[in-house]
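Observations on chain architecture
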Amino acid sequence: MQAVYYTFIPLLAVILGAIAAAWRRPGPAFMSAVQHLAAGVVFAAAATEILPQIKHDADPVATLVGGAIGVAAMLGLKELEQKAIGAWAMIAAIAIDILVDGLVLGLAFLAGEKAGILLTVALTLEVLFLGLAVTAELGKTITSALRIVMITAGLGLLLPIGAGLAIPVALLPPTIIAGFLSLGLMALLYLVTEELLVEAHEQPDTPLISAMFFVGFLALLVLEELM
């Protein structure tokens, strides 16, 4: 249940991102910098919190099965996104993305409160970008800024729903939980390598923008040590 409460932080980020983008559409360089920063933070959260917990549980079968299911699910999502045509098709694909983010956040809290809090920070940056992207895309066909913000906020509500789906997992045996954590890890790695960085490199790139990945990574490492 704690994870559901924490999802309201990235939910707020989605809404603020939508409001900001509706007021002034961000440029490609800014979007790329945010994506690099988010990718670094998400990667650090996966490497420092989720992966160590999976190694601690040390169940090769659960790790393999959960990881394989996670890879298959994310590749299926990628196929769906590639077939999406038009703004509303893209919105549907992003809705699934956000639901998965909420689920992964809920799973992160199974690895411990610190893991959940750090992943909350990571996903807040990621969904902030999604809020900016959705608003920019809807702005091509919808003139009402209020309507755009409301649609984006509605998508953000999928975060607590996704986190809620992870609640029953806490009641399962440790082996099964390890499998779910492996699934979540694959989802996070896919998010970094196949979404955030791929899309970021489609925009104008500079050494400073690329450095934002490492800024995000190091910032989360420092935050973890401070905690």
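What this report covers is the structure whose coordinates are included nearby.

What follows concerns empty space enclosed by the protein. Scanning the entire structure with this criterion turns up one cavity of 30 Å³ or more. Its boundaries defined by the atoms lining it, the largest cavity holds a volume of some 60 Å³. Surrounding the largest cavity, M74, D97, V100, D101, V104, A187, L188, Y190, L191 and E195 form its lining. Every element with two or more residues in the lining of the largest cavity is listed here: α5 (87-108) and α9 (174-200). The element that contributes the greatest number of residues to the lining of the largest cavity is α9, accounting for five residues.

Throughout the structure, instances matching the rule amount to four aromatic pairs. Ring geometry for Y6 versus F109: centroids 5.1 Å apart, planes at 40 degrees, classification tilted. Taken together, the positions of Y6 in helix α1 (residues 2-6) and F109 in the loop between α5 and α6 (113-138) put the pair 103 residues apart, joining distant regions of the chain. Overall, Y6 belongs to the partly exposed group, its relative accessible area being 21%. Owing to a relative accessible area of 13%, F109 belongs among the buried residues under this scheme. Between F43 and F217 the ring centres are 5.9 Å apart and the planes differ by 35 degrees, which places this aromatic pair in the tilted class.

Next up on the list: the pattern of salt bridges. The full count for this structure, using the stated rule, is three salt bridges. Residues E49 and K114 are paired through a salt bridge, measuring 3.9 Å at the closest nitrogen-oxygen approach. In this pair, E49 is assigned in helix α3 (residues 28-57) and K114 in helix α6, connecting sequence segments 65 residues apart. According to the relative accessible area criterion, K114 is partly exposed, its value standing at 34%. Linked by salt bridges that have partners in common, E49, K114 and E224 make up one network.

Each value, and the rule that gives it
- Residues numbered from 1 in each chain as written.
- Predicted model: local features only at pLDDT ≥ 70, side-chain atom pairs only at ≥ 80, totals over all residues.
- Heavy atoms only, no water.
- 1 Å grid on protein atoms, 1.4 Å probe; cavity = no way out; pocket = protein on both sides within 12 Å on 5 of 7 lines; lining within 4 Å.
- Points joined across faces, edges and corners; volume = space filled by probe spheres on them.
- Helix = DSSP H or I, 4+ residues; strand = E, 2+ residues; numbered from the N terminus.
- Phe/Tyr/Trp six-rings, centres within 6.5 Å; stacked < 30°, edge-to-face > 60°.
- Buried < 20%, exposed > 50% of the residue type's maximum accessible area, 1.4 Å probe, protein only.
- Salt bridge = Lys/Arg side-chain N within 4 Å of Asp/Glu carboxyl O.

Interpretation note: all reported values are geometric properties and have no functional meaning in isolation.
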